[in-house]
Amino acid sequence: MALFRIDRRTEAGPAEVWRRLTDWSRHSGSVPLTRITVTTPPPTGVGTVFVARTGIGRLAFEDPMEVVVWEPPERERPGHCRMEKRGRIVTGWAEIDVHPGPEGAGALLVWREDLRVRWLPRALDPVVSRAGRYVFGRALTVLLGG
């Protein structure tokens, strides 16, 4: 399994961080060569499905995901969202946890993901994990920036 984790501290509060990270369409502008389409009607919650299409032209693949846990942050309770990857090429899951920052200032974000790429040998999992941490780390920088 190509498991990776990204931890970030941000000045924005938990509700704002949650809003930025769970606006799935915004991810299109933060992940290279990727377009996100939400295929279920709003609002976002358990059962929301969105598809990330990555690549150029016929050299692209789809990564459909479904929200299976949806717990927005409330007061002192952290937020938690889990997506299951339902694709033919990419499977696994991703989780977003948003905690209040120390002494109520800002927020702490934890993004965990387990990527499995079909037809790729398990020996390459460390490479996939490093690439995922890099790509999604950059995406989080864009998403949290505004």
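Only a predicted model underlies this, so the values are computations on that prediction, with no experimental measurement involved.

Rules used throughout
- Residues numbered from 1 in each chain as written.
- Predicted model: local features only at pLDDT ≥ 70, side-chain atom pairs only at ≥ 80, totals over all residues.
- Heavy atoms only, no water.
- Helix = DSSP H or I, 4+ residues; strand = E, 2+ residues; numbered from the N terminus.
- Rg over C-alpha atoms; globule rule 2.2 N^0.38 Å.
- Buried < 20%, exposed > 50% of the residue type's maximum accessible area, 1.4 Å probe, protein only.
- Contact = heavy atoms within 4.5 Å.
- Expected span 1.5 Å × (residues − 1).
- Axes fitted to C-alpha atoms, helices over the stretch in contact; angles between N-to-C directions.
- Parallel < 35°, antiparallel > 145°, perpendicular 65-115°, else oblique.
- Left-handed = near helix turned anticlockwise from the far one by under 90°.
- Nonpolar A, V, L, I, M, F, W, Y, C, P; charged D, E, K, R; others polar.
- Phe/Tyr/Trp six-rings, centres within 6.5 Å; stacked < 30°, edge-to-face > 60°.

A. Fine view of the overall build of the chain. Helix and strand counts for the chain stand at two helices and seven strands. Its helices and strands in sequence order give the chain the pattern β-α-β-β-β-β-β-β-α, from N to C terminus. Against the 2.2 N^0.38 benchmark of 15 Å for 146 residues, the chain shows a C-alpha radius of gyration of 15 Å, consistent with a compact globule. Counting only C-alpha atoms, the chain reaches 45 × 35 × 25 Å along its principal axes. Taken across its 146 residues, the chain has 43% of its residues classed as buried. Pairs at least 24 residues apart make up 46% of the contacts formed inside the chain by residues separated by at least 6 positions.

B. Quick look at helix α2 (residues 125-144). Here α2 spans 27 Å end to end across 20 residues, near enough to the 28 Å set by a 1.5 Å rise per residue. Looking at the packing, one finds that the buried side of α2 touches β1 (2-10), α1 (14-21) and β7 (107-117).

C. Quick look at the packing of α1 against α2. Running from N to C, α1 and α2 point in directions that differ by 120 degrees, and their axes come no closer than 9 Å. The angle between α1 and α2 places the two elements in the oblique class. The two elements α1 and α2 meet at a crossing, and its hand is right-handed. For the pair α1 and α2, the contacting residues are V17, R20 and L21 in the first and L140, L143 and L144 in the second. Among the residues making up the contact of α1 with α2, the classes are represented as five nonpolar, no polar and one charged.

D. Region of the structure containing the packing of aromatic side chains. According to the stated counting rule, one finds four aromatic pairs in the structure shown. Ring geometry for F4 against F136: centres 5.8 Å apart, planes inclined by 25 degrees, an arrangement best described as stacked. A residue pair is termed long-range when its members are at least 10 positions apart, and F4 in strand β1 and F136 in helix α2 qualify at 132 residues. When the ring of W111 is compared with that of F136, the centres are 5.8 Å apart and the planes differ by 25 degrees; the resulting orientation is stacked. Taken together, the positions of W111 in strand β7 and F136 in helix α2 put the pair 25 residues apart, joining distant regions of the chain. Each member of the pair W111 and F136 is classed as buried. In this structure an aromatic cluster arises from ring pairing among F4, W111 and F136.

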